[in-house]
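# Structural overview
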Amino acid sequence: METREKIIIIGGGFAGLQLAKTLNNKNKKVIVLDRMNHHMFQPLFYQVACGRIEPSNISFPFRKIFQQSRNTQFRLTEVKEIDPVNNKVITDEAEFTYDKLVIATGCKTNFFGNKDMESRAFGMKNTQEAISIRNHVLMTFEKLILEKSRSDDGNWNIVIVGSGPTGVELAGAFAEMKKEILPRDYPYMNFDQLKIILVSSTEKPLAVMSSEAQEKSEKYLKDLGVTFLSGDVVTDYDGNKVYLKSGKDIPSNNVIWAAGVTGNIVAGFPAEKLVKNRYIVDRYNKIKGYDNIYAIGDIAYMETPKYPQGHPQVANVAINQAKNLGKNFLKKNSGDWAEYEYKDKGSLATIGKHRAVVDLPFIKFQGFLAWYFWMFLHLMLILSVRNKLAVFFNWMWSYFNKDSSLRLIISPTKKNGTLQ
């Protein structure tokens, strides 16, 4: 009887989950390792942070996803090291052997070595961080209404660092929250003092998109009352003030870092296997120098004639690399494997209600039509029907009522001085 090939996938993000789904119920033994028990739909984290949708609406338990699977298992554990010589993955609780290993660990927030910023500002790369932002911002106003004497500028400024899609979407959502929601929740507070400040190292927001999208997104931000600081770089943050390279400083107790990402590297590989903190892979996503170890998604660095500096770290690349690798794994002859080629399907971002920008290969458009397109596409990408309906209901409720009822402050409790 033929022994099934054992494939271990580290990480259940867009790339890891798509690979597992491609191999689901095939003649392979698949084990998914992740330190979270659920897949997260990251493009909508900003709506969790602003109280638009519940975290459960964009989170999908792995055990539910593979409940009917005959060949895929999930293990909740954190990978500590890979032993390529002995084909082992070492985790905090167990060791796993493999025939093939696929690293799909994705990225984390890149603070560029600034330890003060890392310890005091909020990133937004997982569910917990999105919830922490929501908690912190809401607690700011709860404290202000009790301690009116402490209404210093730092309490009233929300600073977002980075003007990519995450940054502009957060800024737009907070600006709408300031206008439509907070005055009703706190009727005796003057929210004219609340400033949403977006700090950008580039001259225009959404620097990777078309000039039309950049111009329009900047206009949308200004229309919403967002202060856009262009061509400046954050150098430090002491918990009370954000310091800029230009010499300016901004008082703020609410700082969100959306200025870049870096790879989640697993120990066990020499430094020469990495470029830009990503694993160097060939056109089949195989890590160079290894016959049975692969990397896909944000963590993979693949040079091609079209992308000599590597592919962009976006979901489309991750999903399609996973599909291509999964199909290759299912072929009997490795000589039949297909090389990966990235087909850019476009990019988009939303900056508040009826405000969005869309760049497709064949057309570019902005405004309310782009906003509806953005909503439809994200709704279709959400995994389950139940979650699609939940998100759609919340969106429609917010659309017609200009409100939501999801502004819960959920903080961990303490017992005997320790978090529970």
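To be clear, the structure that these remarks concern was listed above.
For the structure given in this document, a descriptive report is provided here. (Residues numbered from 1 in each chain as written. Predicted model: local features only at pLDDT ≥ 70, side-chain atom pairs only at ≥ 80, totals over all residues. Heavy atoms only, no water.)

### Focus on helix 7 (residues 165–185)
- For helix 7, spanning 21 residues, the distance from its first C-alpha to its last is 28 Å, which sits close to the expected 30 Å at 1.5 Å a residue.
- The sharpest bend along helix 7 measures roughly 45 degrees and falls at K178. (Helix = DSSP H or I, 4+ residues; strand = E, 2+ residues; numbered from the N terminus. Expected span 1.5 Å × (residues − 1). Bend = angle between axes of the 7 residues up to and from the residue.)

### Brief notes about the packing of helix 10 (residues 368–381) against helix 11 (residues 385–401)
- Contact geometry of helix 10 with helix 11 gives a least axis separation of 9 Å together with a crossing angle of 155 degrees. The orientation of helix 10 with respect to helix 11, classified from their angle, is roughly antiparallel. With respect to the hand of their crossing, helix 10 and helix 11 are arranged in right-handed fashion. Between helix 10 and helix 11, the contacting residues are W371, Y372, W374, M375, H378, L379, M380 and L381 on the first element and K388, V391, F392, W395 and Y399 on the second.
- Among the residues forming the contact of helix 10 with helix 11, the class breakdown is eleven nonpolar, one polar and one charged. (Axes fitted to C-alpha atoms, helices over the stretch in contact; angles between N-to-C directions. Parallel < 35°, antiparallel > 145°, perpendicular 65-115°, else oblique. Left-handed = near helix turned anticlockwise from the far one by under 90°. Contact = heavy atoms within 4.5 Å. Nonpolar A, V, L, I, M, F, W, Y, C, P; charged D, E, K, R; others polar.)

### Re the pattern of salt bridges
- Counted according to the given criterion, the structure contains 14 salt bridges.
- K88 serves as the salt-bridge partner of E95, at 3.4 Å between the closest nitrogen and oxygen.
- Judged by its relative accessible area of 27%, K88 is partly exposed.
- Linking K241 and D249 is a salt bridge whose minimum nitrogen-to-oxygen distance equals 4.0 Å.
- Within the structure, one salt-bridge network assembled from shared partners comprises K204, E215, E218 and K222. (Salt bridge = Lys/Arg side-chain N within 4 Å of Asp/Glu carboxyl O. Buried < 20%, exposed > 50% of the residue type's maximum accessible area, 1.4 Å probe, protein only.)

### A short note on the pairing of strand 12 (residues 195–199)
- Taken across its five residues, strand 12 has four buried, putting it largely inside the fold.
- The sheet contact formed by strand 11 (residues 157–161) and strand 12 spans five bridges and is parallel. Bridging from a neighbouring strand, N157 pairs with K195 of strand 12.
- As a crossover connection, the stretch from strand 11 through helix 7 into strand 12 is right-handed.
- With three bridges joining them, strand 12 and strand 13 (residues 227–229) adopt parallel strand pairing. In the sheet register, L198 faces strand 13, and the bridge partner there is F228.
- Handedness of the crossover is the feature at issue here: the chain leaves strand 12, passes through helix 8 (residues 211–223), returns alongside strand 13, and the resulting connection is right-handed. (Pairing = 2+ DSSP bridges. Right-handed = clockwise from strand over helix to strand, strands pointing away.)

### Some thoughts on the sheet that holds strand 17 (residues 254–257)
- Spatial ordering of the open sheet is given by 13-12-11-17, a layout of four strands whose pairing is parallel. Strands with a single pairing partner mark the edges of an open sheet, and in this sheet they are strand 13 and strand 17. Direction aside, neighbouring strands of the sheet carry axes that sit 20 degrees apart on average.

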